Amino acid sequence: MQGSELGELTIFLAVAQLRSFSKAAVERGIAASAVSHSIRKLELRVGVRLFHRTTRSVALTDAGERFLNDLKPAFS
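Predicted, not measured: the structure shown is a model, and the values here were computed from it. (Residues numbered from 1 in each chain as written. Predicted model: local features only at pLDDT ≥ 70, side-chain atom pairs only at ≥ 80, totals over all residues. Heavy atoms only, no water.)

Caption draft 1: Representation of the overall build of the chain. In terms of helices and strands, the chain carries 4 helices and 2 strands. Tracing the chain from N to C terminus, the helices and strands come up as α-α-α-β-β-α. Relative to a compact globule of 76 residues, whose C-alpha radius of gyration would be 11 Å, the chain shows 11 Å and is just as compact. In terms of overall dimensions, the chain has C-alpha extents of about 25 × 25 × 25 Å along its principal axes. Sorting the 76 residues of the chain into buried and exposed places 34% on the buried side. In the chain, 45% of the contacts between residues at least 6 apart in sequence involve partners at least 24 apart. Roughly 4,800 Å² of accessible area belongs to the chain as shown, and the carbon and sulfur atoms make up 53% of that amount. Where the 11 positive side-chain charges of the chain centre and where its 7 negative ones centre are 6 Å apart. (Helix = DSSP H or I, 4+ residues; strand = E, 2+ residues; numbered from the N terminus. Rg over C-alpha atoms; globule rule 2.2 N^0.38 Å. Buried < 20%, exposed > 50% of the residue type's maximum accessible area, 1.4 Å probe, protein only. Contact = heavy atoms within 4.5 Å. Areas by Shrake-Rupley, 256 points an atom, 1.4 Å probe, with all protein chains shown as cover. Lys, Arg positive; Asp, Glu negative; His and termini not counted. Charge placed at Lys NZ, Arg CZ, Asp CG, Glu CD.)

Written as structure tokens, this is what we have:
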């Protein structure tokens, strides 16, 4: 796994936990646009949409929930 892929996964975990791209950006010390770009790249790589996004909320899709459950043990 490359460093950029690991970064995408840690950003995914932050967004999933905080349910916010902007809060995840603050937590990670990066721009919100970088979080959005990273999530888009991850979704393209895994081939599914991981989050439902609106201007006011972020929620995991069913696939996102499964991805999170599979990923959590590796980052514990």
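On we go from here.
Caption draft 2: Region of the structure containing the packing of aromatic side chains. Under the definition given, this model contains 3 aromatic pairs. Note on Phe21 and Phe51: the rings are 6.0 Å apart at their centroids and 75° apart in plane angle, and the pair reads as edge-to-face. Placement of the pair is Phe21 in helix α2 (residues 21-28) and Phe51 in strand β1 (residues 51-53), with a sequence separation of 30 residues. Residue Phe21 is classed as buried on the basis of its relative accessible area of 12%. Residue class for Phe51 comes out buried when judged on its relative accessible area of 0%. (Phe/Tyr/Trp six-rings, centres within 6.5 Å; stacked < 30°, edge-to-face > 60°.)

Caption draft 3: Spotlight on the nonpolar core. In this structure, Phe12, Val15, Val35, Ile39 and Phe51 are the most contacted members of the largest nonpolar core, which totals 19 residues. Listing elements by their share of this core, those giving two or more residues are α1 (3-18), α2, α3 (32-46), β2 (58-60) and α4 (62-75). If you tally residues by element for this core, the top one is α1, at 7 residues. (Core = buried A, V, L, I, M, F, W, Y, C linked by side-chain atoms within 4.5 Å.)

Caption draft 4: Just the side chain of Glu43, in detail. Note on placement: Glu43 falls in helix α3. Beyond its immediate chain neighbours, meaning those up to four positions away, Glu43 contacts Val48, Arg49, Leu50, Phe51 and Arg53.

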